[in-house]
Amino acid sequence: IITPILVFVLEARGINVSEVLKIIMAQIYLWLNNPKKAKKILIDLVSKYKDSYLGHKFLAKIYEQEGGMRKAIDEYVQVLDIKKDDTDSYYKISVLLRELGRNDEATEMLRTLLKTKPDMYEASKLLGGIYLEQKEFKKAIEVYTNAVKYNANNYELYYNLGVCYSRINDFDIARKCFQKTIELDEEMYLAYYRLGQLALLYRDFDVAEESFAKSLCNEKEAKAYFELAKIHIIKNQKEKAILDINNAIRKNSKYYEIAKKEPTLFPIKNMIEKPIKESEQEEFTENQQELEIEEYLNDTYNLTKVLNKQKEKKNK
């Protein structure tokens, strides 16, 4: 007696009991590690009830987990047809399009999404990342700047702004962004490293030395020691330079050959210790963005070094 009454009450309130029961059954099969059975139940559900919001969304998540990105997109599109203000599904489609390499479509969806929900950090991060990859730095700056309005304490946004401003040679604003990054997260050692690189551009070796020293204790320790060795040679502090370069080699043995070929280190070339055994610092996998900003700032420093030498010759 109770069950029919309960069903009647739920149906009267607009709740499709059959839909809810199938969703529950599908979830149980997922818990039992039987996604095939769960998927079959959901496919039957959306075939019978084409406007089943929960059914399409649940099915989309299963396809996504299985790597069926195109099928997942189709289901998320069905979800949006039923509930157009589902920003989560909008974002999910953008992510899947990005993974499929359809960046133009992903960009269009993300821009539309951010007009509706400008405080959605994940969408800003994804869109900014796409622009960075495409070297559309001014567009990336626009995205990150808008995101900061709603996520003022997010250190990653400021770090990414620092990278973008560095790439358009606005080094003063880039420096302020990296400093803000550190204010928000003093353990963001990568920002210290970037500040060191920027200080080198202005030949401010004291600030560069301080910044690289603070960037130690992170995944770029070997690189930081290598930069410190060069700075100490420039400052005529050979003993410190020897300690630094040998520390770099202990962290990562590849720096032995690099150090031998580095002109700045020629004055201490004979004091560089050959590694007893090969070692490689445990480093995180740098994404393309990090590799490119590293190379860009290094190339810019080398270019300014050449220009300075030419200027000195002319003055003589």
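Note that the coordinates shown come from a computational prediction; the quantities given were computed from them, not determined experimentally.

What follows deals with the overall build of the chain. Within the chain, the regular secondary structure consists of 17 helices and zero strands. Out of the 316 residues belonging to the chain, those deemed buried represent 43%. Counting contacts in the chain only where the partners sit at least 6 residues apart, residues at least 24 apart contribute 50% of the total. Put simply, the chain shows about 18400 Å² of open surface, and 52% of that area lies on carbon and sulfur atoms.

Helix length check: helix α8 (residues 121–133) (13 residues) gives 18 Å between terminal C-alpha atoms against 18 Å at 1.5 Å per residue, within 8%. Among the residues of α8, Y121, A123, S124, L126, L127, G128, I130, Y131 and L132 are the ones counted as buried. Directly after α8, the chain includes K135, whose backbone phi takes a positive value near 60°.

One non-glycine residue with positive phi stands out, namely K135, at about 60°. Take K135: it is sitting in the loop between α8 and α9 (137–150). By relative accessible area, which is 43% here, K135 ends up partly exposed. The backbone phi angle of N236 is positive, close to 60°, even though this residue is not glycine. As for its placement among the helices and strands, N236 is situated in the loop between α14 (221–234) and α15 (238–251). The class of N236 is exposed, set by a relative accessible area of 59%.

Another aspect to go through is the side chain of T181. Mapped onto the elements of the fold, T181 is located in helix α11 (residues 171–184). On the basis of relative accessible area, T181 is assigned to the buried category, the value being 0%. With near-sequence residues (within four places) excluded, T181 lies in contact with Y155, Y158, Y159, M188 and A191.

Where helix α6 (residues 87–99) meets α8, the closest approach of the two axes is 10 Å, and the angle between their N-to-C directions is 25°. The orientation of α6 with respect to α8, classified from their angle, is roughly parallel. α6 and α8 meet at a crossing whose hand is left-handed. Of α8, the residues touching α6 (which contributes Y91, S94, V95 and R98) are E122, A123, L126, G129, I130 and E133. Partitioning the contact of α6 with α8 into residue classes produces five nonpolar, two polar and three charged.

Time to look at the packing of helix α10 (residues 155–167) against α11. Contact geometry for α10 and α11: axes closest at 8 Å, N-to-C directions at 160°. Classified by the interaxial angle, the pair formed by α10 and α11 is roughly antiparallel. Along this stretch, α10 crosses α11, giving a crossing that reads as left-handed. Between α10, through Y155, Y158, Y159, L161, G162, V163, Y165 and S166, and α11, the contact on the second element is made entirely by F171, I173, A174, C177, F178, K180, T181 and L184. Split by residue class, the contact of α10 with α11 holds twelve nonpolar, three polar and one charged.

Taken together, the side chains of V20, L21, I24, I28, W31 and L32 make up a nonpolar region of the molecular surface, amounting to roughly 620 Å² of accessible area. Relative to the assigned elements, I24 resides in helix α2 (residues 17–31). Residue I24 is classed as partly exposed on the basis of its relative accessible area of 44%.

Once that is clear, we can look at the environment of E183. When you line up the elements, E183 lands in helix α11. It is 9.5 Å that separates the C-alpha atoms of E183 and N153, two residues lying 30 residues apart in sequence.

What follows is about the pattern of salt bridges. A complete count under the given rule lists 24 salt bridges for this structure. Here R102 ties to E105 by a salt bridge, and the two come within 2.9 Å at their closest N and O atoms. Given a relative accessible area of 32%, R102 falls into the partly exposed group. A relative accessible area of 37% means that E105 is categorised as partly exposed. Residues E209 and K235 are paired through a salt bridge, measuring 2.6 Å at the closest nitrogen-oxygen approach. Residue E209 is located in helix α13 (residues 205–214), and its partner K235 is located in the loop between α14 and α15; the two are separated by 26 residues in the primary sequence. Taking relative accessible area as the criterion, E209 reaches 18% and is therefore assigned buried.

Rules used throughout
- Residues numbered from 1 in each chain as written.
- Predicted model: local features only at pLDDT ≥ 70, side-chain atom pairs only at ≥ 80, totals over all residues.
- Heavy atoms only, no water.
- Helix = DSSP H or I, 4+ residues; strand = E, 2+ residues; numbered from the N terminus.
- Buried < 20%, exposed > 50% of the residue type's maximum accessible area, 1.4 Å probe, protein only.
- Contact = heavy atoms within 4.5 Å.
- Areas by Shrake-Rupley, 256 points an atom, 1.4 Å probe, with all protein chains shown as cover.
- Expected span 1.5 Å × (residues − 1).
- Axes fitted to C-alpha atoms, helices over the stretch in contact; angles between N-to-C directions.
- Parallel < 35°, antiparallel > 145°, perpendicular 65-115°, else oblique.
- Left-handed = near helix turned anticlockwise from the far one by under 90°.
- Nonpolar A, V, L, I, M, F, W, Y, C, P; charged D, E, K, R; others polar.
- Patch = residues over 30% accessible without salt bridge, like charges linked within 9 Å, V, L, I, M, F, W, Y side chains within 5 Å.
- Salt bridge = Lys/Arg side-chain N within 4 Å of Asp/Glu carboxyl O.

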